[in-house]
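# Structural characterization, general
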Amino acid sequence: IRNASEAVSIAEKAARLTQRREPRILDTLAAAYAAAGRFGEARSVAEEALRNISSPSQYLLRDEIRERLRLYQQGRAYVSE
């Protein structure tokens, strides 16, 4: 069962604990915001995650976040299968 508000709460805590420096955690927070219908925040956090990517080893993650950002810009949530 999906609980968007609980996902937001957990992801916000994880983002605080990592001082908002971990792109993967920020990506998760963005997805949680989108699931809760908070698309403006989802877009903003996804863009923040992209700014935190500097290593070539994270370029695949960068591309994945860009794909999800496009969903948020369309007012759509990301749902993993």
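To start, this report covers the structure provided alongside it. Note that this is a predicted model, so its numbers are computed, not measured.

### Some points on the overall build of the chain
- Looking only at helices and strands, one finds 4 helices and 0 strands in the chain.
- When the helices and strands of the chain are read in sequence order from the N terminus, they spell out α-α-α-α.
- Compactness check: the chain gives a C-alpha radius of gyration of 12 Å against a globular reference of 12 Å for 81 residues, within 12% of the reference.
- C-alpha extents for the chain along the principal axes are approximately 35 × 30 × 25 Å.
- Taking all 81 residues of the chain together, the buried fraction comes to 30%.
- If you take every contact in the chain between residues at least 6 apart in sequence, the share linking residues at least 24 apart comes to 49%.
- Summing over all exposed atoms, the chain offers an accessible surface of approximately 5,300 Å²; the carbon and sulfur share of this is 46%.

### With respect to the nonpolar core
- Among the nonpolar cores identified, the biggest contains 20 residues, and L29, Y33, V45, A46, I65 and Y72 are the most heavily contacted of them.
- Listing elements by their share of this core, those giving two or more residues are α1 (4–17), α2 (23–35), α3 (39–51) and α4 (59–73).
- The element best represented in this core is α2, accounting for 7 residues.
- Sequence-distant contacts of A46, that is, excluding residues within four places in its chain, are made with A30, I65, L69 and Y72.

### Brief notes about unusual backbone geometry
- Phi at Q19 is positive, roughly 55°, even though this residue is not glycine.
- Position of Q19 relative to the elements: it lies in the loop between α1 and α2.

### Re the packing of aromatic side chains
- In total, this model carries 0 aromatic pairs according to the counting rule given.
- The ring of Y59 is capped by R62, whose NZ or CZ atom sits 4.3 Å from the centre of that ring.
- Positioned above the aromatic ring of Y78, the side-chain terminus of R68 is 4.7 Å from the ring centre.

### As for the packing of α3 against α4
- It is the contact of α3 with α4, at a shortest axis distance of 9 Å, that shows an interaxial angle of 160°. In terms of orientation, α3 lies roughly antiparallel with respect to α4. Note that α3 runs across α4; the crossing there is left-handed. On α4, the residues touching F39, A42, R43, A46, E47, A49 and L50 of α3 are R62, I65, R66, L69, Y72 and Q73.
- Considered class by class, the residues forming the contact of α3 with α4 number 8 nonpolar, 1 polar and 4 charged.

Quick notes on the rules
Numbering of residues starts from 1 in each chain and follows the order in which that chain's sequence is written. Given that this is a predicted model, residues contribute local features only at a pLDDT of at least 70 and side-chain atom pairs are listed and counted only at 80 or more, while totals for whole chains, interfaces and linings are drawn from all residues. Water and hydrogen atoms play no part in the side-chain values, which are based on all heavy atoms of the structure. Helix and strand labels come from DSSP, where a helix needs a run of H or I of at least four residues and a strand needs a run of E of at least two; each type is numbered from the N terminus. Atoms counted for the radius of gyration: C-alpha only. Globule rule: 2.2 Å times residue count to the power 0.38. Relative accessibility decides the category of a residue: with a 1.4 Å probe and only protein chains considered, values under 20% of the type maximum give buried, values over 50% give exposed, and everything between is partly exposed. Any two residues whose heavy atoms approach within 4.5 Å are treated as being in contact. In this description, accessible areas are obtained by the Shrake-Rupley approach with a 1.4 Å probe, and a residue is regarded as covered only by the protein chains that are shown. Note on terminology: a nonpolar core comprises buried Ala, Val, Leu, Ile, Met, Phe, Trp, Tyr and Cys residues joined through side-chain atoms within 4.5 Å. Stacked, tilted and edge-to-face are the three classes assigned to paired rings of Phe, Tyr and Trp, where Trp is represented by its six-membered ring and a pair needs centres within 6.5 Å; plane angles under 30 degrees give stacked, over 60 edge-to-face, the rest tilted. Whether a charge sits over a ring comes down to the Lys NZ or Arg CZ being within 6 Å of the ring centre and within 35 degrees of the ring normal. Axes here mean lines fitted to C-alpha atoms, for a helix over just the part in contact, with angles spanning 0 to 180 degrees between N-to-C directions. Each angle gets one of four labels, with under 35 degrees taken as roughly parallel, over 145 as roughly antiparallel, 65 to 115 as roughly perpendicular, and the rest as oblique. The sense of a crossing depends on the near helix, which, turned anticlockwise from the far helix by less than a right angle, makes the crossing left-handed and, turned clockwise, makes it right-handed. Gly is put with the polar residues, along with every residue not named as nonpolar or charged; the nonpolar set is Ala, Val, Leu, Ile, Met, Phe, Trp, Tyr, Cys and Pro, and the charged set is Asp, Glu, Lys and Arg.

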